[in-house]
Amino acid sequence: MSLLSSLSSRHLSVHTLSLPALFRRTMATRTYREAVDHLNSLQSNAATLEAVRASGGRLSQFAIPEMVEYLGRIGYSTSDLNKLNVVHITGTKGKGSTSAFTDSIIRRARPDWKVGLYTSPHLVAVRERIRINGAPISEELFTKYFFEVWDKLKQNTKTANPQTPLMPGYFRFITLLAFHTFLELKVDATILEVGVGGRYDSTNIVPKPIVTGITALGLDHTSILGKTLKEIAWQKAGIFKEGVPALTVEQPEEGMAVLEEQAQELKASEFLVVPSIPGLSDLKLGLAGSHQYQNATLAVHLAKKFLTLKTSESIEDDLPPSFVEGLKATKWPGRCQTVVDPAHVHTTWFLDGAHTLESLQCCMQWYVSPDAALRSPEDFEKRSRVLMFNCTSGRSGSSFLGAMLKGAAELLKTHGREGDPAALFDEVVFCANVTYADGGFKGDLTTLAIPEADLAHLKTQHELADAWSSLAPTFPKEKIHVLPSIEHAVNVVRRLNASGEKEVDVLVAGSLHLVGGVIEVAGLSDVAL
C-alpha cells in the first residue's frame, strides 16, 4: 500500500505476532479508529486557547510544570528527551515550512539516519504530525504507541499538583506521543515544530536541543501571546536554551531587540541572524512562493549547525549538493500547493492554509502570479475562478478578505491587468469546516471547537459573506455562497466543472482545517499528500 493510500484508509489490522500474549489480546480489540476517538475526547486545541484567553493568560505559568509531570507519568524524565537530538523551531510565519526544509536537508545529507519530524496541525490524518524519514507513522504504530501512552496516564494517576487535569489536552497528548514514538524508534535527529508561541508550548521541555531557530515574527494568537511584536518575540524566544545556538532571520527592529536580549539572558551559545546564501535564490524550491526563500535560508543554516555539532564534520560549501537536493525535494502539503484534480482534469486546486494577515498576503503573491492564476495569460478569460474560504472568526473576515483583495489589486496591476480585484473570482464560497453534508466529520478531522450556535446558524460564514459584499459591492449576490459543510462547497465546484463551459481554478485559503477537508472530500489525497 502506498503512503498516500494508507493515509486515506481507516482500518489496518494490528500486527501482533511478536507481542506478549496478554498485550496481544488487549491490542487485538483496539483499533486506529478507537485511538482517534479517544484522542478526540480530549479537550481540543481551540478550547485550550479559549481557556487561556478567559484566564487572561494565567494558565501559562502551569503549562511547562504540568507537561513535565505528564512526561514523568509515562515513564520519562526531561533529560531523556536530549537523546532525540532536537532542532527546535518556532516563529509566526513559515515555521512549518522551515521544519519541512530542515527535515528534507538532513535526510539527504545523512541518508543512513532515522529522522523524526513533529509538526501541527494535520491535514487529513492525525498521523501526519509524527513522521519518520518523511512518512507519517503507520496506523499500526500509531495505535500501538497511542495506547501505551494512554494506558500509562490512566494507570499512573498520582499528580504533584491536585489542579493538574488527569489527562492532558489534545495537543499535549500528541506531543507526548511523538516523544514516546521517537524514543522507541531511536531516531538520530528530531525536527520539533512549536505549536503556539514557544516559552509555554508543550514542546518546550527539551532541556538541551542541538540548535533553535525562529522564523519571521508577526501578530498571531495575540490574546494569548501578546498584542505587540515585543510581547510575541518574548514568547518565541522562550525556546532559547543555555549553551545552544539561537538562529533567526531578519526581523522588525522591536522584535529583533527582544530576541537578542533573550538570547543573552537565557545564555544561548550564540545569536545569529542568518545571512543570505549565494546561489539559493536561483534554485527552484520544492515549496512554491517567494517567501519560501527566507525559510529555506534559515533551514540551511539550522541543518549546517546541527550536522556540524552532531558529526564534527566541517561543511565548507555554501550549498552542498545534498542540501540542494533536500531543498528541491521538500514537500509540505496544503501550503501554496497546486493540485490538478485526478478525477476532474479541468479543475485545478490551489491550496494554502494561510490564516494570518501576513500569510494571506504571501498566499496572494503566489496565487496572483504566472505560477498560478495568471499562468497561460491567453487563457485567463477561459477559466472560472472560485474562492473557497473560512476562518475561525467572522470578525477577522473583513481584515483578512480586505488584505487579500488589496494584494490582488496590486499584483494584477504589476502583471499588467487593471480592474476590480474581486473580478479575479467568479464565485466565492464561505463554508464551515464540517467535513460532510450530513454534518459528520472524518474521524481525524473531528473538531469540537466550533460553538454549536455558530455552527447551527453559520454565523461566521454569514459574517464573511457580509464582509465580502461590503468590500466588493458590485459582486453578484447570487455568486456568494454560504454553506454548512466542505462537501457542499466541493459540490459547487463540481457543478461548475460539469457544465463543461470553462476550466475551473479553485483557491482554498484561510484555514488548514478547510484545506485538509477539501483534500479528503474532493479525493485529492493520492496526489496532494
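Residues numbered from 1 in each chain as written. Predicted model: local features only at pLDDT ≥ 70, side-chain atom pairs only at ≥ 80, totals over all residues. Heavy atoms only, no water.

Q: Where do I start with the sheet that holds strand β8 (residues 270-273) in this structure?
A: Strand pairing in a sheet is mediated by backbone hydrogen bonds. Such pairs are either parallel or antiparallel. A sheet is described by the order of its strands in space; here eight strands give the open sequence β4-β3-β2-β5-β1-β6-β7-β8, paired in mixed fashion. In the strand order of this sheet, the two ends are held by β4 (135-136) and β8, each with one partner. Pairing of strand β7 (residues 245-248) with β8 involves four bridges; the strand directions are parallel. Note on β8: the bridge partner recorded for A246 is F271. Across the sheet, helix α11 (residues 253-265) lies against β6 (211-214), β7 and β8, angled at about 155 degrees from β8, the strand it touches most. (Pairing = 2+ DSSP bridges. Helix = DSSP H or I, 4+ residues; strand = E, 2+ residues; numbered from the N terminus. Contact = heavy atoms within 4.5 Å. Axes fitted to C-alpha atoms, helices over the stretch in contact; angles between N-to-C directions.)

Q: Just checking my understanding: could you explain helix α17 (residues 459-471) for this structure?
A: In an α-helix, one full turn covers 3.6 residues, which means residues spaced three or four apart are oriented alike. The terminal C-alpha atoms of α17 lie 18 Å apart, and with 13 residues this matches the ideal 18 Å at 1.5 Å per residue to within 8%. Along α17, the residues classified as buried are T460, Q461, L464, A465, A467, W468 and S469. (Expected span 1.5 Å × (residues − 1). Buried < 20%, exposed > 50% of the residue type's maximum accessible area, 1.4 Å probe, protein only.)

Q: In this structure, what is going on with the nonpolar core? I would like to understand it.
A: One recurring pattern in soluble globular proteins is that nonpolar side chains are buried together. In terms of nonpolar packing, the biggest core is built from 42 residues, with L39, F142, F146 and F173 touching the most fellow members. Those elements that place two or more of their residues in this core are α3 (32-40), α5 (60-73), β3 (130-132), α7 (139-155) and α8 (170-184). Among the elements that line this core, the one with the most residues is α8, at 10 residues. Ignoring sequence-local partners within four residues, the contact set of F142 consists of Y32, A35, L39, V126, R127, I137 and L177. By size, the runner-up hydrophobic cluster in this structure holds 37 residues, among which are F389, F425, V428 and I480. (Core = buried A, V, L, I, M, F, W, Y, C linked by side-chain atoms within 4.5 Å.)

Q: Could you clarify how one ought to interpret the packing of aromatic side chains in this entry?
A: One pair of aromatic rings is described through two measures. These are the centre distance and the angle between the planes. If you walk through the whole model with that rule in mind, you get 16 aromatic pairs. Taken together, the aromatic side chains of Y32, F142, F146, F147, W150 and F173 make up a single cluster linked through ring pairs. Its end group placed over the ring of Y32, R127 keeps NZ or CZ at 5.5 Å from the ring centre. Stacked on the ring of F380, the Lys or Arg R385 has its end atom at 3.8 Å from the ring centre. (Phe/Tyr/Trp six-rings, centres within 6.5 Å; stacked < 30°, edge-to-face > 60°. Lys NZ or Arg CZ within 6 Å of the ring centre and 35° of its normal.)

Q: Is there a simple way to think about the pairing of strand β9 (residues 337-340) in this case?
A: It is a general feature of regular strands that their side chains alternate between the two faces of the sheet. By the alternation rule, side chains of β9 split into Q337 and V339, which are all buried, and T338 and V340, of which none is buried. As judged from the four bridges shared by β9 and strand β10 (residues 347-352), these two strands associate in the antiparallel manner. Bridge assignment links Q337 to a residue of β10, and that residue is L351.

Q: Any chance you could explain the environment of V244 here in plain terms?
A: Inspection of the secondary structure puts V244 in the loop between α10 (229-236) and β7. You can call V244 buried: its relative accessible area is 1%. The sequence separation of V244 and P209 amounts to 35 residues, and the corresponding C-alpha distance is 6.8 Å.

Q: Mind showing me how you'd approach helix α12 (residues 292-311) here?
A: The terminal C-alpha atoms of α12, which comprises 20 residues, lie 28 Å apart, in line with the 28 Å expected from a rise of 1.5 Å per residue. Within α12, 14 of the 20 residues are buried, leaving the element largely enclosed by the surrounding structure. Looking one or two places after α12, you find S312, whose phi comes out positive at around 60 degrees.

Q: What is the right way to look at the packing of helix α18 (residues 486-499) against helix α19 (residues 512-521) in this model?
A: Geometry of a packed helix pair, given as the angle between the helix axes and the separation of the axes. For the pair α18 and α19, the least separation of the axes is 10 Å and the interaxial angle reads 65 degrees. Crossing of α18 against α19: the hand is right-handed. Judged by residue contacts, I486, E487 and V490 of α18 engage H513, L514, G517, V518 and V521 from α19. Here the contact of α18 with α19 is built from residues that sort into five nonpolar, two polar and one charged. (Left-handed = near helix turned anticlockwise from the far one by under 90°. Nonpolar A, V, L, I, M, F, W, Y, C, P; charged D, E, K, R; others polar.)

Q: Help me understand the side chain of R199 in this model?
A: Along the chain, R199 falls in the loop between β5 (189-193) and β6. One buried charge, R199, has no salt-bridge partner; the nearest side chain with opposite charge is E265, at 6.1 Å. Beyond its immediate stretch of four places on either side in the chain, R199 contacts I64, N204, W234, Q235, A237, G238 and Q262. (Lys, Arg positive; Asp, Glu negative; His and termini not counted. Salt bridge = Lys/Arg side-chain N within 4 Å of Asp/Glu carboxyl O.)

Q: Is there a simple way to explain unusual backbone geometry in this structure?
A: Note the cis peptide between S120 and P121, where omega equals -10 degrees. In this fold, P121 is placed in the loop between β2 (115-118) and β3. One non-glycine residue with positive phi stands out, namely K186, at about 55 degrees. The residue K186 is located in the loop between α8 and β5 in this model. Look at K186 and you get exposed, because its relative accessible area is 65%. Even without being a glycine, S376 presents a positive backbone phi close to 45 degrees. The residue S376 is located in the loop between α14 (357-367) and β11 (383-389) in this model.

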